[in-house]
Each structure stands twice: as C-alpha cells, then as structure tokens.
Protein chains: 2
Amino acid sequence: MNVILLSGGSGRRLWPLSNDIRSKQFIKIFKGADGSYESMVQRVYRQIRSVDPDASVTVATSKAQVSALYNQLGHEIGISVEPCRRDTFPAIALAAAYLTDVRGVDPEEAVVVCPVDPYVEDDYFKALKALGEQAAKGEADLILMGIEPTYPSEKYGYIIPEDGQAVSRVLMFREKPDQETALRYLRQNALWNGGVFACRLRYALQKAHEQIDFTDYRDLFGKYHTLEKISFDYAVAEKEKSLEVMRFAGQWKDLGTWNTLTEAMQEDTVGEAILNETCTNVHVLNELNVPVLAMGLHNVVISASPEGILVSDKQQSSYIKPYVDTIDRQIMFAEKSWGSFRVLDVEEESLTIKVTLNAGYRMNYHSHRNRDEIWVVISGTGYAITDGTTRRIHPGDQIVMKAGCRHTAIAESDLMMVEVQLGREISVHDKEKWALNQ
Amino acid sequence: MNVILLSGGSGRRLWPLSNDIRSKQFIKIFKGADGSYESMVQRVYRQIRSVDPDASVTVATSKAQVSALYNQLGHEIGISVEPCRRDTFPAIALAAAYLTDVRGVDPEEAVVVCPVDPYVEDDYFKALKALGEQAAKGEADLILMGIEPTYPSEKYGYIIPEDGQAVSRVLMFREKPDQETALRYLRQNALWNGGVFACRLRYALQKAHEQIDFTDYRDLFGKYHTLEKISFDYAVAEKEKSLEVMRFAGQWKDLGTWNTLTEAMQEDTVGEAILNETCTNVHVLNELNVPVLAMGLHNVVISASPEGILVSDKQQSSYIKPYVDTIDRQIMFAEKSWGSFRVLDVEEESLTIKVTLNAGYRMNYHSHRNRDEIWVVISGTGYAITDGTTRRIHPGDQIVMKAGCRHTAIAESDLMMVEVQLGREISVHDKEKWALNQ
C-alpha cells in the first residue's frame, strides 16, 4: 500500500501544547502498549504498519515539520516537503510527482491519501487498504472513503451516495449543512467526508498536469509558491464523474480541539497531576516538571507547557484560537532533528536555554553577530568546534563563543548543555551559517 | 505604641505560592498605592506606621523567616527569633523578655500583641492603639480585642462580655461552637477572639515567670526547646480575673485559605493572565513568566509558581492541605536576606539555578564536598573569591569551583548568575561554611 499522509499546520487550538513550530500531531499524549506515550502521527504510523508491514508511507508537509517527523517516525518514511502551504490539491500533486520522480513508484500503482491526525482504530487502516485495492481494480478513477455519521454534525462536509451499498457511485457533495439539513442527509445514507481517498498514482498526476503547467517534480517544487490555494475536493473530487464512495462504519474522531482530544485519552492525566475525589470529567496534560493539583472541578481541561497554562471548560475550549492569537511569545521549547531546546530563563540582556543534542548529531556550524554564548556541558560527551579548533567536551566543560566566533557541537553520546546567551539584541534571526572544512 | 506581631508557620494552605520556607504572609498580592504589590506583612507594617509613625514593632517568629522579614520590612524592626516553634504563650514570653532585656523597653510600658496576617483597614490599627492606651490606664491587667461577628461562624473562639459597652469585663470564653450555639452567643453581645490583646510589658513578664523557670532573655532562649506548646489564651487569658474586652466593629478578615484570600484581592489577576468573558468569580495568581488562559470557569482560583499549579473550586480550596502534604518536593525558589534563587533545571547529575545577589550583599564563604559548581555571570558586577583569591566579575565571566573549593560572591551592583551544579549527590545539606580572612 502506498500512503500519502497530509500533515497540516500549527494548530493553535491545542495551545499551550502546540505552538507555531510544534503542531498538534506531534504531542505525545496517547499511551502505547509499552506504557510510553506516542503522538497522533506516531499512532497513525504504527497502525498503518501493523495492518500492512510493507506499506510505503510518504508525508506531505512543510519544512518546519521535517525534523519532528524524522524524530518521531524514523528515516524510513518519505517526506514530500512543500516549500510553502498551498492547500491539499497542490500538496497532493507535489506528493504524486515526488512518488514517481523521486521514489520511482510505478504510476499504475494505487495510492491512498489521508490526513495524519484522525483518532481511529486498526479497522480504519484495513478500510484504507480496501480503498487502495478498490482503486487498483479500476472500476472508478477515484474512490472516496465515506464515514458513517454518528450524529447530524454541522462540522463536516457530506457525500451523498446513490445507494446504501458498501461501495456505490456518488450522487453529490454537500458542504457543512445546518443541523436540519444534516438530519435529512442522514436519511439519504449520506456519509461524512473525512478527506480520505484512493486512486492510481497516474490519475493524480494526470489531474495535476491538467491544472498546473509543470514537467516533473523538480519543476513543480520550483514553482510551488506560484500555485493557487485550492483543496483537492474542490479542484478534483467534486468534478469527477468516475467516482465511487466506500462506506466506513468504525470509530473516527477528528481531534482538533481539547474537547475531542481529551475524549480520546486513555487516562485522565498525562504528566505530574493530582485530582481530588470531587473532580469529575477533568483532564490534565502537564509537560512541566512541577505538579498540577486540581480540586472540585467539573468538565475542565488543564494543560501546562513551557509556553503557558490553559484552564478551560471543555465546551469553551473550542473558542480558544482568538485568545491564543493575542499571546505573542517567544518559542519556549522545540524539538529539532538534532534534539531539542528549552528556554530556562529570560533576562533583559541574557537568555539561558538547555540544549539537548542527540547522539550522533551536530548543530550547523554558525556564528552570531550580536551576542556572546557560553556552553556548560551538563551531561554526555562529544566535540566542540570553535573557529576551526576541535576539542573533546565532557560534563563540567565550558565553551566560550564571543560574537562572530563560528561554532558547533557534535554529540558522541546524548549531549546536554546549558547555553547562556549574552547581548543587547538577542534574536533567533541573528545567525550566520558557515561551511565546515574538516 | 509597642507592637508584637506574631508571625506563624509555613502555610501550605496557600500552596503553591507558599511553601516550607516562604509563608503566606510574604506573598506579594496586594496592590499598593503606587501600583506595586505588597505582602500581608508589608501591608500590616505600613498600616501600623501610618497610624503611629513612632510605633516600635517586634516580630516574634522562627529563624526561617528572618531573611524575608528584613527583606520586606527593612532593618528597623525588631525580631524575636524563636529557636523552635512552641505556640503563642512561649513566643510571647520570649518576645517580652527580648523587649526588656535586648531592646531596653520600660516594663511599665504597654504592649499590643497581634497576628501578622489579618486583612484589615486602618481603623483596626487605631483600635490597636486604643487597646494599648486602655492597658496603660491600668483598669485591668489584660485587655482583649473582641471582633464584632458578622455571622455565626463555627471557625472562631468567642468572648462573652458582661455587657455591650465599648469596653467591658469578660464573662467567659467559648471555643469554636456549632452554628446554633454561635447564634445564641451573638444575642449575648459575644465577640470573636482574633488573638489580639494589650497589657503592660511587666504583666506579660510576670505571667512568663509564673509558669517558666528562667532568669532573663538569654536563659529563656537557651531553654526554649524544653517549653511546652501552649497558647496564650489557654495559659493566661482564660484564667485571668482582671480582664477586659474592647469591641472592634471594623473589617477583619483572616486570610488563611485561597477562598478568603481571593476575596481580599483588588484585582482578579496578579501576573500574566487572560480570562475570557465567560469566566465568573475567577482569580489567577501567576508567578511564572508564561501566561495563564482561563475559559468558561466559575468560582475557581488558579495559582501558579515554580513549585506547582493549583486549579481549585474556591470552596474546595479549604481542603487543600492533605493533598499538598503528599507533594514532597525540592524547594524551587526562595527569597533570602542576600537576594533569591530559582531552580531552572533538574537533571540526574546536574542542577541549574539562577542566583540573584542584591547589591552590597555576599554569600557565606563555603564549599561543597560532592559537587562542582560553575557560575556564569549574566548581569551586574562584583567579586568572586575562590580558595582565597579575589577577582572582579562581569557579565559573561565564568567561575569554576571544583568540589572542596571554598567560594563566595560579593555583589557590587545587583548580581545575577546562572549556577550549574554537577555531581552524583547534589544536596542542600552538602555545604561547609568557612571564615573568610580578608
């Protein structure tokens, strides 16, 4: 099975656990079989692998997510990096070109496209496989997955099938209706459109070439920023005549808000938390290393991270976005391909962070114009290179880098350092990268 | 006016803002006239001074509070340091001996004794002054302040006076009654016992000598740990025949729980906080440097500090203590006479803290057996002494102290340093103090 996972944007709706550089799909909140926590994207990837160990998975996403994806999924996945965000039609076109031109996939093979963040059970992935097999048969050019509605939701688009068969032709599409209309659709065997479909790779490429003038992957990548923002549903599915829908009746949740997310949690708390016995329907997600104590609360979600603390009635939590938009802050922590960092202290003319460099990784060789930096190694071993001079480093070592000094660190074992930045204008943009001649 | 302020213990009821070394009376939550925040003890001290600029104030307290008291009130106050906690009778006996033997106060002068943490207006302090003046008259040996009840509380002890006059003889004392009994007391002109009284200093000393065998302050201080824990009410007031009560009808609040404390706050929030418009009766006290966002909550207090995060229904918050007792933690921040510290990061074999040394102060000259330390100066100037060698220090300087190295820092201007501690057994008890020969 060839799967393209569409991995979307920043997700401020799950602040403070998601931020501008960590999207919701990377938050580790689902307890895996071995007791450790996994993220939405890890859960989905594990589920795909368990249904089809040979599945070839490609994630279509922005550059900002590449590090987190490799960190969480390993290097076996393919990543189709979008130079900028352009909605699902351009993203799928680019991923299709990537699969044929970069990964060498036969255009006659079927491909299944789905979002990276549904909360589903293994039967969903069996349905994905069946969707791909249906596409391979060639009865229709495009096969959608239709999710059997559990209530007349106003949040989803609807697919109206010709009949109630497992696979049927599509009569029409309907955008988010009001509740009364939704109820009428339900009587017509209507299905939710979860943005999941399968087709032959050749079909996706053909649709891309019909609407975009490009030769190959490289060419499409180069002109990606010029493309119109348009969804695959609008650009392709809603116009397609050779179109089928396959019903899926299993559990399917869209975990876009704290309310729906906490419903999917196996336990009331993640991280250090105490709930007294008068709490009901309270969830705590605590990424800080101090305890949360909750007393006498009902239907509340508490979420704490280095970015901030949310305490919200669960229903109200759907309205979080405008409030988070007013919080304009420094990024206080981030996962990177090479490890992670966390801001420990902010003063007027200094910034103290903790840097963790994973074993075998190195930073870019770089310098800063307007700040000095000092590293104090707190665990692990490796090398520091400053202005071309290499030295081995151990816990307790200090490395001093004046403004202008080119520097990098290389982790032999997992390397943790406290980094003190000193200067009047400390900015993430003050960074020049250099080639390292070794 | 001579005032003895009784400053009590740790106050886990206001966790996470109070901890084992910062008591509730030192939390800065009351907005002063100039827009800055003051603590309970600062508020009370300012109010005493405004009613009687010449008042001589002595705080009876434990050693743990001395630094915070000098920090918050300055060095004009007297402090009677209790070697250990022994309830109010021994504390008042020691403070009375301190006033005569150390401060040279004439035993014929009146002294007013009151707790350090009531939330009151200036009229309360005028009443304290009147209480002292009544004691000076000598009509009775002991004059209690009786607070006019606002409701039949089961939380307070009651004083039943002979009549409803402003000053009257006391008929009897009654411990915390049930509500029905309290209601009956109210009809008898009964008053709450707020633990406030006045007498001549000589009287307090005499009562001390009657029950404790001691010669002077030094002697009493030396045997303090052998004394019985007993309250002044029980040891003295309830047995006294020459006893009057003076009525006080103004505002008086005992701010012992989050529920009562938040009632006294002038604003809904202290620190970075956003409440959405659907919140009602929500208070946020946030000492962290990240925002708290509260949505759709009612009758809730949120309090965040480096020690932890409390989210509680206000009524429920009275039952906090057993939950806090289960949280056995490292002290994450503290105010000291010389400045403050805050834990930034805890790893298995390292601890990173931020140390702020106030201008003109120095640390003890000390060493550690089992850990190395590294300072990185982030602001201010001063001196570092390591193994007898003095050097000037500036932002960006690193000072390395291997285990066993004797060291101190002296702040010229306010001096901030990131201190990285490295070792397998990092403990606050691993500290040896040395004499510094300069």
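Residues numbered from 1 in each chain as written. Chains lettered and ligands numbered in written order. Predicted model: local features only at pLDDT ≥ 70, side-chain atom pairs only at ≥ 80, totals over all residues. Heavy atoms only, no water.

K.L.:
Honestly, the nonpolar core in this entry has me stumped. Any pointers?
P.N.:
The nonpolar side chains of soluble globular proteins are, as a tendency, buried together. If you look at the biggest cluster of nonpolar residues, it comprises 65 residues, and the most contacted ones within it are Leu297(A), Ile302(A), Leu297(B) and Ile302(B). Excluding residues within four positions of it along the chain, Ile302(B) makes contact with Val311(A), His283(B), Val284(B), Leu285(B), Val292(B), Ala294(B), Leu297(B), Leu310(B) and Val311(B). (Core = buried A, V, L, I, M, F, W, Y, C linked by side-chain atoms within 4.5 Å. Buried < 20%, exposed > 50% of the residue type's maximum accessible area, 1.4 Å probe, protein only. Contact = heavy atoms within 4.5 Å.)

K.L.:
Looking at this structure, how should I read the pairing of strand β22 (residues 350-357) of chain A?
P.N.:
The side chains of a regular strand alternate between the sheet's two faces. All names here are of chain A. The element β22 is extensively covered by neighbouring structure, given that eight of its eight residues are classed as buried. Going residue by residue along β22, you find Ser-350, Thr-352, Lys-354 and Thr-356 tucked away on one face and Leu-351, Ile-353, Val-355 and Leu-357 tucked away on the opposite face as well. Pairing analysis gives eight bridges linking strand β21 (residues 339-347) to β22, with the strands arranged antiparallel. Looking at the pairing, Val-346 lines up with Leu-351 of β22. Note that β22 and strand β29 (residues 415-422) share eight bridges and pair antiparallel. Considered in β29, the bridge of Lys-354 is made with Val-418. (Helix = DSSP H or I, 4+ residues; strand = E, 2+ residues; numbered from the N terminus. Pairing = 2+ DSSP bridges.)

K.L.:
Honestly, the packing of helix α1 (residues 40-51) of chain A against helix α4 (residues 122-137) of chain A in this entry has me stumped. Any pointers?
P.N.:
Between two packed helices, what matters for the description is the angle formed by their axes and the separation of those axes. All names here are of chain A. Two numbers describe how α1 lies on α4: the axes approach to 9 Å, and their chain directions differ by 60 degrees. Considered as vectors, α1 and α4 are oriented oblique to each other. Viewed along their axes, α1 and α4 form a crossing whose handedness is right-handed. Where α1 abuts α4, its residues Val-44, Gln-47, Ile-48, Ser-50 and Val-51 lie against Asp-122, Phe-125, Lys-126 and Lys-129. Of the residues that constitute the contact of α1 with α4, the class distribution is four nonpolar, two polar and three charged. (Axes fitted to C-alpha atoms, helices over the stretch in contact; angles between N-to-C directions. Parallel < 35°, antiparallel > 145°, perpendicular 65-115°, else oblique. Left-handed = near helix turned anticlockwise from the far one by under 90°. Nonpolar A, V, L, I, M, F, W, Y, C, P; charged D, E, K, R; others polar.)

K.L.:
Teacher, can you tell me more about the relation of the copies chain A and chain B here?
P.N.:
Both copies of the chain are related by one operation, a rotation about an axis with a shift along it. Screw-axis analysis of chain A against chain B gives a translation of 0.0 Å along the axis, an RMSD of 0.1 Å, and a rotation angle of 179 degrees. Overall, the copies show the geometry of a two-fold rotation axis. Using C-alpha coordinates, one finds that chain A approaches the rotation axis most closely at Leu344(A), a distance of 2.8 Å. Residue by residue, 98% of the interface of chain A is reproduced at the interface of chain B, so both copies engage with the same surface. (Least-squares fit on C-alpha atoms with pLDDT ≥ 70 in both.)

K.L.:
Explanation requested: the packing of α1(A) against helix α2 (residues 66-73) of chain A in the structure shown.
P.N.:
Residue and element names in this part refer to chain A. Packing of α1 against α2 brings their axes to within 10 Å, and their N-to-C directions diverge by 50 degrees. When the axis of α1 is compared with that of α2, the two are oblique. In the packing of α1 onto α2, the handedness of the crossing is right-handed. Between α1 and α2, the contacting residues are Val-41, Gln-42 and Tyr-45 on the first element and Leu-69, Gln-72 and Leu-73 on the second.

K.L.:
How should helix α2 (residues 66-73) of chain B be read in this particular structure?
P.N.:
In an α-helix, one turn spans 3.6 residues; hence positions three or four apart end up facing the same way. All names here are of chain B. Judged by how many residues are buried, α2 sits mostly within the fold: six of eight residues are covered. For α2, the set of buried residues is Val-66, Ser-67, Ala-68, Leu-69, Gln-72 and Leu-73. Close packing links the buried residues of α2 with β2 (28-31), β3 (37-39), α1 (40-51), β4 (56-62), β5 (78-82) and β20 (333-336). At the exit of α2 stands Gly-74, carrying a positive phi of roughly 85 degrees.

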